[in-house]
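# Summary of structural features
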Amino acid sequence: MRYRYRVLHYTYPDDSETLSKLKGVLRSYTLLLNPDRTSLRDALLMTAMTSDEMIIARSGDTFLIAPLQDVPLGWTSGEEFLVSRERGLEKVAEEIVGREKGTTALKGALIAGLMLLILYTAYHYRALETVNNILLFIGVLLSILGGLLKGYKRRRVRVSAPPHHPE
């Protein structure tokens, strides 16, 4: 898969000393305190204007977003997102910050209600087997399309070997 953007996401211990060290190492950065999906996406888009490779350093609820530089030591875990288009940056922000629970619960309840209505109608008209096969086909098709339309590829980064770029 060819990618347009590369986003490295690192998690650091939650303390003010680590945060001050990160601020000292990163040359130019955007600081976000407890961001939502939209503000993280906007910060990623602003950073993407200057660099195709970005780093997100997370310490508790504080995020530092910067163009890719040398990775500071002390990170505990990391992920690498290879993003193929700008829409993928929004998905990456959603993946990192988390989905909004209210809308996810509402969508889940709506889908469950529709499924129950379809199954009741199919049982009532004795077409349960046909409806079940159609729903299975639609589910497989949507899962395949969901993977293709996601817009990014996610990889784990090993703690013992942070990524580096030859000069």
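To keep things clear, this report deals only with the structure shown in the data block.

## Re the environment of Gly78
Relative to the helices and strands, Gly78 is located in strand E5 (residues 77-83). Here Gly78 falls in the buried class, since its relative accessible area comes to 3%.

## Comments concerning the nonpolar core
Within the largest apolar cluster, 17 residues are counted, with the highest numbers of intra-cluster contacts made by Val7, Leu44 and Ile65. The next biggest cluster of nonpolar side chains, apart from the first, holds 11 residues, and it includes Leu8, Leu19, Leu22 and Leu26.

## A closer look at the side chain of Glu80
Relative to the elements of secondary structure, Glu80 occurs in strand E5. The buried category is assigned to Glu80, whose relative accessible area is 7%. A polar contact is formed between the side chain of Glu80 and the side chain of Arg6, at a distance of 2.4 Å.

## Quick notes on the pairing of strand E3 (residues 53-59)
The element E3 is extensively covered by neighbouring structure, given that five of its seven residues are classed as buried. Bridge analysis of strand E1 (residues 5-12) against E3 gives seven bridges, and the strand direction is parallel. Its bridge partner lying in E3, Val7 is registered against Met54. With six bridges connecting them, E3 and strand E4 (residues 62-67) associate as antiparallel partners. Along E4, the bridge assignment pairs Ile56 with Ile65. Counting the residues in the hairpin turn of E3 and E4 gives two residues, including Gly60, whose phi is positive at 70°.

## Thoughts on the pairing of E4
In terms of burial, E4 is a largely internal element, six of the six residues being buried. Taken together, the four bridges between strand E2 (residues 30-33) and E4 define a ladder with antiparallel strand orientation. Residue pairing across strands places Leu31 opposite Leu64, the latter belonging to E4.

## So, the packing of helix H2 (residues 37-48) against helix H3 (residues 86-97)
At their nearest, the axes of H2 and H3 sit 9 Å apart, and the two run at 135° to each other. In terms of their interaxial angle, H2 and H3 are classed as oblique. In this structure, H2 crosses over H3, and the sense of that crossing is right-handed. Residue-level contacts link Arg37, Leu40, Arg41, Leu44, Leu45 and Ala48 of H2 to Glu86, Leu89, Glu90, Ala93, Glu94, Ile96 and Val97 of H3. When grouped by side-chain class, the residues that make up the contact of H2 with H3 number eight nonpolar, no polar and five charged.

Criteria and thresholds
- Residues numbered from 1 in each chain as written.
- Predicted model: local features only at pLDDT ≥ 70, side-chain atom pairs only at ≥ 80, totals over all residues.
- Heavy atoms only, no water.
- Helix = DSSP H or I, 4+ residues; strand = E, 2+ residues; numbered from the N terminus.
- Buried < 20%, exposed > 50% of the residue type's maximum accessible area, 1.4 Å probe, protein only.
- Core = buried A, V, L, I, M, F, W, Y, C linked by side-chain atoms within 4.5 Å.
- Polar contact = N/O pair within 3.5 Å; in protein donor to acceptor, adjacent residues only side chain to side chain.
- Pairing = 2+ DSSP bridges.
- Axes fitted to C-alpha atoms, helices over the stretch in contact; angles between N-to-C directions.
- Parallel < 35°, antiparallel > 145°, perpendicular 65-115°, else oblique.
- Left-handed = near helix turned anticlockwise from the far one by under 90°.
- Contact = heavy atoms within 4.5 Å.
- Nonpolar A, V, L, I, M, F, W, Y, C, P; charged D, E, K, R; others polar.

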